[in-house]
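Residues per chain are reported as follows:
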Amino acid sequence: RIIEKITNELILFNVAASDPNVNVRRTASEKISDQKELIKIFRTETDKAIKTNIIKKIESQEVLEEVARNESDTTIRKIALSKIESEDIIKSLLENESDKYIRKTAVEKIEEQEFLVKIALSDSAKEVRKAAVIKIKDQAALSKIVINESERDICESALATINNQVLLYDIFIN
């Protein structure tokens, strides 16, 4: 195929942006390295596979945040979210997100213990609460979660790391 021999970024961009054949657009977009051109293609592309490949190559934190907030496809949003470096942005996304799978992906990137405890105690989705519990190191906080949590597997995850005898006794009597 001719497209495989083309290396000129401008030609590749024009093909990736306008060729009616999805396979030709995919091949052209895979060969593009210019971030601005990739972003332009991403914003106009309709094919999920092409968009997925492009978002994996995008480095702009602003664009990744925009995609994580606004993209309609959950898979593409999760990829964008996984590439965001700012924990503050990730926490903001999590607090304003309705999709539990996006929230779980966000929790997996957060290190701030107080925030994780808040999520473990209050998120509506057990998958998100469990993801938070797994990352919590504070045994007193884990004890509080065990006492207040109704889901058995979340309690077991929290209990697995508690070895403070006083806390274990407190859990036992509650």
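Remember, predicted model here, so these are calculated numbers, not experimental data.

Draft legend 1. Structural context of the overall build of the protein. When helices and strands are tallied, the protein shows 13 helices and 0 strands. Reading the helices (α) and strands (β) of the protein from amino to carboxyl end gives α-α-α-α-α-α-α-α-α-α-α-α-α. The dimensions of the protein, computed from C-alpha atoms along their principal axes, are 75 × 25 × 25 Å. Counting the 174 residues in the protein, one finds 43% classified as buried. Long-range contacts, defined as pairs at least 24 residues apart, comprise 42% of the intrachain contacts of the protein with a sequence gap of at least 6. When the accessible surface of the protein is split by element, carbon and sulfur atoms take 50% of a total near 9800 Å².

Draft legend 2. Focus on the packing of helix α2 (residues 22-31) against helix α4 (residues 48-57). It is at 10 Å that the axes of α2 and α4 come closest, and there the two elements cross at 5°. Our classification of the angle between α2 and α4 gives roughly parallel. Counted together, Val22, Arg25, Arg26, Ser29, Glu30 and Lys31 of α2 and Ala49, Ile50, Asn53, Ile54 and Lys57 of α4 form the full contact between these two elements. Looking at side-chain class alone, the contact of α2 with α4 contains 4 nonpolar, 2 polar and 5 charged residues.

Draft legend 3. Fine view of the nonpolar core. Membership of the largest hydrophobic core comes to 53 residues, with the highest contact counts inside it found for Ile55, Ile58, Leu81, Val107 and Ile136. Take this core: its biggest share by element is 5 residues, from helix α9 (residues 113-122). Leave out the neighbours within four places in its chain, and Ile58 touches Gln35, Leu38, Ile39, Phe42, Val63, Leu64 and Lys83.

Draft legend 4. View of the packing of aromatic side chains. One pass over the structure, following the stated rule, counts 0 aromatic pairs. Its end group placed over the ring of Phe42, Lys51 keeps NZ or CZ at 4.6 Å from the ring centre. The ring of Phe115 has Lys91 sitting right over it, with the charged end atom 5.4 Å from the ring centre.

Criteria and thresholds
- Residues numbered from 1 in each chain as written.
- Predicted model: local features only at pLDDT ≥ 70, side-chain atom pairs only at ≥ 80, totals over all residues.
- Heavy atoms only, no water.
- Helix = DSSP H or I, 4+ residues; strand = E, 2+ residues; numbered from the N terminus.
- Buried < 20%, exposed > 50% of the residue type's maximum accessible area, 1.4 Å probe, protein only.
- Contact = heavy atoms within 4.5 Å.
- Areas by Shrake-Rupley, 256 points an atom, 1.4 Å probe, with all protein chains shown as cover.
- Axes fitted to C-alpha atoms, helices over the stretch in contact; angles between N-to-C directions.
- Parallel < 35°, antiparallel > 145°, perpendicular 65-115°, else oblique.
- Nonpolar A, V, L, I, M, F, W, Y, C, P; charged D, E, K, R; others polar.
- Core = buried A, V, L, I, M, F, W, Y, C linked by side-chain atoms within 4.5 Å.
- Phe/Tyr/Trp six-rings, centres within 6.5 Å; stacked < 30°, edge-to-face > 60°.
- Lys NZ or Arg CZ within 6 Å of the ring centre and 35° of its normal.

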